[in-house]
Amino acid sequence: MRVLYPILLVVAVALSLFSCRVGRSFRTPELKEMPATFDEEGMTEGTTADIGWSTLYADTVLQGLISRALDHNKDMLAAAARVRELMAAKRITFAKMFPGAGMDLYGDREYLNYGGDNKKYDPELHANLTFGWEIDIWGNLRWQNEAAVAAYLQSVEAQRALRLTIVSQVAQMYFDLKALDRELSIVRQTLEARRDAVHFATLRYEGGLTSEIPYRQSLVELARTETLLPKLENEIKLKENDLSVLLGEFPAGIPRGGSDLGDVQMGTELPVDLPSSLLERRPDVRQAEQALREANAKVGVALTDMFPKLRLTANFGAENAELTDFLKSPTWFVSGALTGPLFQLGSKRAAHKAAKAAYEQQVYAYEKKILEVFKEVNNALVTYRKSREMRRSADALYRSALSYNKLAKLQYVNGVVSYMDVLDAQRQLFDSEIAVNDAILTEFTATVSLYKALGGGLERCYFFILSITIYRQKCFCPTIDTFLYYFCFVFNGFGGKRNWKSEK
């Protein structure tokens with residue numbers, strides 16, 4: 001018997017570690033006829049993986065706002081907590097594949113009185129160490145662990161996708177504010193010009209050089225321009241409040257850089273990746289892939305639930321009525337139980353079919369995500385190219401309107417044209433200045449959208465850890481999983497309080 005139990009233990013360990021895993025291993029679906037490139041006409045080839053957001057957004061004020069948002073945005077903090085939650089859940093499912101140990105201490109003293117002198121004290125003391133282990137013969141626990149790892153990685157990818165979204169939202173709102181500031185400056189300059197025009201028209205009218213109509217027209221244009229001020233000031237304040245909430249702060253004023261919107265420069269040109277490398281890097285695509293992997297693992301769980309399960313239990317301890325003889329009374333108990341379904345009206349088979357149907361839904365969701373990525377990138381590329389053309393056209397329009405305005409003023413003073421021509425020239429100049437401002441904002445917006453569509457910067461440490469995790473999904477190796485678990489905590493990895501500034 002002394003030889004038999006170690007042999008049984010070795011057999012149990014071998015069954016757990018080297019037994020087969022029933023079910024189909026995960027494979028990423030292959031998309032037929034996927035284009036080899038994006039619509040990258042006129043764009044440079046390369047990768048955006050090495051372009052951090054602080055490299056692209058060179059404005060130091062904007063960099064500070066993005067850092068504040070990544071550190072304090074409430075959605076980011078909630079996403080980090082979600083990652084920590086699923087990391088703990090992953091650890092729980094991983095622990096189920098190993099033996100569990102417990103302790104049972106018990107003591108009582110019972111007094112019995114059967115009448116007269118027939119009294120009895122019945123003490124009892126016992127202490128046991130309990131062991132339990134479900135031998136994963138068919139791979140049920142390993143499938144559960146793979147599903148938990150996939151769910152955990154989905155939360156990690158969701159956090160990265162949210163990070164890219166917040167970076168782009170902060171940049172977009174900042175450029176919107178700069179554009180509104182510039183438009184407000186244009187309106188104020190125009191308002192001063194309108195007041196000068198009213199003063200000039202008043203002098204000519206009172207001097208009898210013109211009729212009352214040019215004077216009244218100048219007043220109308222002045223009043224029309226004044227109505228634009230409160231509207232713009234309201235939009236600026238609302239935009240500042242929105243950006244403050246995005247930063248995780250109470251509504252307050254937002255600082256701006258000293259440079260005008262037209263003088264802001266992007267830190268670098270954005271190259272265009274190949275679809276294969278982009279799909280491997282974009283967090284939303286990786287999230288969809290992990291959702292597909294989780295669904296596949298749940299199919300394996302449902303399949304292996306139809307097979308018997310083997311569980312070993314053991315108790316080792318001591319039991320005696322007297323404490324003095326307690327250690328002289330050892331006890332032990334070893335048992336094994338094989339349990340499995342016999343007749344459940346097909347519920348297990350139905351659960352397996354339901355899991356397969358859920359997996360099929362995830363396949364279509366993954367394919368749809370790939371299609372959406374191609375649409376998003378191609379749309380961003382087209383908008384990026386056309387926004388530059390729009391800015392060149394707007395600049396040409398402004399130069400023409402400026403010359404027309406100067407000429408109209410000169411000819412009006414010399415009596416060649418009427419005041420209506422001057423008003424028309426002023427309106428066109430104002431519209432062209434607003435058009436230039438809108439074109440600049442459109443170009444910046446297109447750059448922000450393209451950077452987000454291309455997946456943003458690459459966190460190299462993240463991909464190192466992720467590669468280990470994916471390997472862990474494919475190969476059962478407790479050592480690697482344990483190493484990954486503690487590595488993430490040491491370096492504030494998935495879901496912890498990240499030092500986002502180091503990832504710029």
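Everything discussed here concerns the structure shown above.
Parameters at a glance
Residues numbered from 1 in each chain as written. Predicted model: local features only at pLDDT ≥ 70, side-chain atom pairs only at ≥ 80, totals over all residues. Heavy atoms only, no water. Helix = DSSP H or I, 4+ residues; strand = E, 2+ residues; numbered from the N terminus. Buried < 20%, exposed > 50% of the residue type's maximum accessible area, 1.4 Å probe, protein only. Contact = heavy atoms within 4.5 Å. Areas by Shrake-Rupley, 256 points an atom, 1.4 Å probe, with all protein chains shown as cover. Patch = residues over 30% accessible without salt bridge, like charges linked within 9 Å, V, L, I, M, F, W, Y side chains within 5 Å. Salt bridge = Lys/Arg side-chain N within 4 Å of Asp/Glu carboxyl O. Phe/Tyr/Trp six-rings, centres within 6.5 Å; stacked < 30°, edge-to-face > 60°. Lys NZ or Arg CZ within 6 Å of the ring centre and 35° of its normal. Core = buried A, V, L, I, M, F, W, Y, C linked by side-chain atoms within 4.5 Å. Polar contact = N/O pair within 3.5 Å; in protein donor to acceptor, adjacent residues only side chain to side chain. Axes fitted to C-alpha atoms, helices over the stretch in contact; angles between N-to-C directions. Parallel < 35°, antiparallel > 145°, perpendicular 65-115°, else oblique. Left-handed = near helix turned anticlockwise from the far one by under 90°. Nonpolar A, V, L, I, M, F, W, Y, C, P; charged D, E, K, R; others polar. Lys, Arg positive; Asp, Glu negative; His and termini not counted. Charge placed at Lys NZ, Arg CZ, Asp CG, Glu CD.

Asks: Could you clarify how one ought to interpret the overall build of the chain in this entry?
Replies: Within the chain, the regular secondary structure consists of 13 helices and four strands. Within the chain, buried positions represent 43% of all 504 residues. In the chain, the share of contacts with a sequence separation of at least 24, taken over all contacts with a separation of at least 6, comes to 84%. Entry remark: accessible area of the chain is about 27100 Å², with carbon and sulfur atoms responsible for 58%.

Asks: Just checking my understanding: could you explain a nonpolar patch on the surface for this structure?
Replies: The grouping of Met103, Leu105, Leu129, Phe131, Phe316, Trp332 and Val334 at the surface amounts to a nonpolar patch, some 740 Å² of accessible area in total. Broken down by secondary-structure element, the contributors of at least two residues to the nonpolar patch are β1 (100-113), β2 (119-135) and β4 (330-339). Tracing the sequence through the fold places phenylalanine 316 in strand β3 (residues 309-320).

Asks: How do you make sense of the packing of aromatic side chains when you look at a structure like this?
Replies: Each aromatic ring pair is characterised by the separation of its centres together with the angle its planes make. In total, this model carries eleven aromatic pairs according to the counting rule given. With a centroid separation of 6.0 Å and 75 degrees between ring planes, the pair formed by tyrosine 57 and tyrosine 451 is classed as edge-to-face. With tyrosine 57 in the loop between α2 (53-56) and α3 (60-72) and tyrosine 451 in helix α11 (residues 419-453), this pair connects stretches of sequence that are 394 residues apart. A residue is classified by how much of its surface remains accessible, and tyrosine 451, at 4% relative accessible area, is buried. Ring centres of phenylalanine 94 and phenylalanine 98 lie 5.2 Å apart, and the angle between their planes is 65 degrees; on these two criteria the pair is classed as edge-to-face. For phenylalanine 94, a relative accessible area of 4% gives the class buried. Ring-pair connections join several aromatic residues into one group, and the members of that group are Tyr57, Tyr174, Phe175, Phe444 and Tyr451. Its guanidinium or amino end placed over the ring of tyrosine 152, lysine 90 lies 5.7 Å from that ring's centre, counting from NZ or CZ.

Asks: Before we go on, may I ask you to explain the nonpolar core in this structure?
Replies: As a rule of thumb, nonpolar side chains are buried together in soluble globular proteins. Core analysis: the largest hydrophobic core is formed by 74 residues, its most contacted members being Tyr57, Val170, Phe175 and Leu243. Setting aside residues no more than four positions away along its own chain, phenylalanine 175 makes contact with Tyr57, Leu62, Leu261, Val264, Met266, Leu441, Phe444 and Val448. In this structure, Val83, Leu86, Val149 and Val156 belong to the second largest nonpolar core, which totals seven residues.

Asks: Would you mind showing me how to read unusual backbone geometry here?
Replies: In terms of backbone geometry, most residues other than glycine have negative phi values and most peptide bonds are trans. Positive phi outside glycine occurs at glutamate 33, with the angle close to 60 degrees. Residue placement: glutamate 33 occurs in the loop between α1 (4-18) and α2.

Asks: How should I be thinking about the environment of glutamine 63 in this particular structure?
Replies: Summarising the element assignment, glutamine 63 is placed in helix α3. Those residues in contact with glutamine 63, other than ones at most four positions away along the chain, are Trp53, Ser54, Tyr57 and Ala58. A distance of 3.1 Å separates a polar atom in the side chain of glutamine 63 from the backbone oxygen of serine 54.

Asks: Mind showing me how you'd approach the packing of helix α5 (residues 140-206) against helix α7 (residues 228-246) here?
Replies: For any two helices packed against each other, one specifies the crossing angle of their axes together with the interaxial distance. Between α5 and α7, whose axes approach to 10 Å, the crossing angle comes to 160 degrees. When the interaxial angle is binned, α5 and α7 end up roughly antiparallel. The way α5 lies across α7 gives a crossing that is left-handed. For the pair α5 and α7, contact is made by Gln169, Val170, Met173, Asp176, Leu177, Leu180, Asp181, Glu183, Leu184, Val187, Arg188 and Leu191 and by Leu228, Leu229, Leu232, Glu233, Glu235, Ile236, Lys239, Glu240, Asp242, Leu243 and Leu246, respectively. Per-class residue counts for the contact of α5 with α7 are 13 nonpolar, one polar and nine charged.

Asks: Would you mind showing me how to read a positive patch on the surface here?
Replies: Positive charge collects at one region of the surface, where Arg24, Arg349, Lys353 and Lys356 lie side by side. Relative to the elements of secondary structure, arginine 24 occurs in the loop between α1 and α2. Exposure remark for arginine 24: the relative accessible area of 55% places this residue in the exposed category.

Asks: I'm lost on the environment of glutamate 376 in this one. Help?
Replies: Mapped onto the fold, glutamate 376 is located in helix α10 (residues 347-413). Looking at glutamate 376, the relative accessible area reads 29%, which means it is partly exposed. Between the C-alpha atoms of glutamate 376 and leucine 454, which are 78 residues apart in sequence, the distance is 9.2 Å. Those residues in contact with glutamate 376, other than ones at most four positions away along the chain, are Arg282 and Ala453. Reaching out from glutamate 376, the side chain makes a polar contact with the side chain of arginine 282 at a distance of 3.2 Å.

Asks: Help me out: how do you make sense of the pattern of salt bridges in this one?
Replies: Opposite charge on two side chains permits them to pair, given that their charged atoms come into close proximity. Considering all chains together, one arrives at 28 salt bridges under this definition. With its nearest N and O atoms 2.7 Å apart, the salt bridge here joins arginine 68 to glutamate 249. Residue arginine 68 is located in helix α3, and its partner glutamate 249 is located in the loop between α7 and α8 (275-281); the two are separated by 181 residues in the primary sequence. Here the residues in one salt-bridge network are Arg282, Asp284, Lys369, Glu372 and Glu376, joined through shared partners.

Asks: Just to check I follow, could you spell out the side chain of glutamate 221 for this structure?
Replies: One can find glutamate 221 in helix α6 (residues 212-226). Sequence-distant contacts of glutamate 221, defined by excluding residues within four places in its chain, comprise Arg194, Leu423 and Arg427.

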